[in-house]
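Structural overview for review
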Amino acid sequence: VTIENKPLIRDPEGEVILRDLMVKNGFECVKKVRTAKLLKMEVEAESEAQAKEITAKMCSDLRIYNPVVSICTITATSG
């Protein structure tokens, strides 16, 4: 699960990383930085689709992210 701010919402952490770490240290080629939270979960389900559905419901019901300002992207991998 990747949780990140919507494109029009400011990302102060990304701005600090860009300004204070990259530009001040000579990496002027970096023009934008956006941060995100990554949650790695192991979900037992009958199919990839069901795993994604369970994860989406969990993230929504438990308010793991704020849908007003954030985007939640769920990617399933078998393994």
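Scroll up for the structure.
Residues numbered from 1 in each chain as written. Predicted model: local features only at pLDDT ≥ 70, side-chain atom pairs only at ≥ 80, totals over all residues. Heavy atoms only, no water.

A few points about the overall build of the protein
Each helix and strand counted, the protein has two helices and three strands in total. From first element to last, N terminus to C terminus, the protein shows the α and β order β-α-β-α-β. Over its C-alpha trace the protein gives a radius of gyration of 16 Å, far above what one expects of a compact globule, namely 12 Å for 79 residues. With the principal axes as the frame, the protein shows a C-alpha extent of 50 × 30 × 15 Å. Going through the 79 residues of the protein one by one, you find that 15% of them count as buried. Of the contacts formed within the protein by residues at least 6 apart in sequence, a portion of 61% connects residues at least 24 apart. For the protein, the computed accessible surface area is about 6,300 Å², with 55% contributed by carbon and sulfur atoms. (Helix = DSSP H or I, 4+ residues; strand = E, 2+ residues; numbered from the N terminus. Rg over C-alpha atoms; globule rule 2.2 N^0.38 Å. Buried < 20%, exposed > 50% of the residue type's maximum accessible area, 1.4 Å probe, protein only. Contact = heavy atoms within 4.5 Å. Areas by Shrake-Rupley, 256 points an atom, 1.4 Å probe, with all protein chains shown as cover.)

Looking at the pairing of strand β1 (residues 2-5)
Looking at chain direction, β1 and strand β2 (residues 36-38) are connected through three bridges and run antiparallel. The residue bridging I3 from the neighbouring strand is K37, located in β2. Bridge analysis of β1 against strand β3 (residues 70-73) gives four bridges, and the strand direction is antiparallel. In the strand pairing of β3, E4 is matched with I71. (Pairing = 2+ DSSP bridges.)

Re the sheet that holds β3
The three strands are arranged β2-β1-β3 in an open sheet whose pairing can be described as antiparallel. Since the sheet does not close on itself, it has two edges, and those belong to β2 and β3, each with one partner. Mean inter-strand twist for the sheet, computed between neighbouring axes without regard to direction, equals 15°. (Axes fitted to C-alpha atoms, helices over the stretch in contact; angles between N-to-C directions.)

Some details on the pattern of salt bridges
Tallied over the full model, the rule gives four salt bridges. With a closest N to O distance of 2.7 Å, E15 and R10 form a salt bridge. Taking relative accessible area as the criterion, R10 reaches 57% and is therefore assigned exposed. Here D61 ties to K57 by a salt bridge, and the two come within 2.4 Å at their closest N and O atoms. With D61 and K57 both in helix α2 (residues 48-61), this residue pair falls four residues apart, about one helical turn. Residue classification places D61 among the partly exposed positions, given a relative accessible area of 49%. (Salt bridge = Lys/Arg side-chain N within 4 Å of Asp/Glu carboxyl O.)

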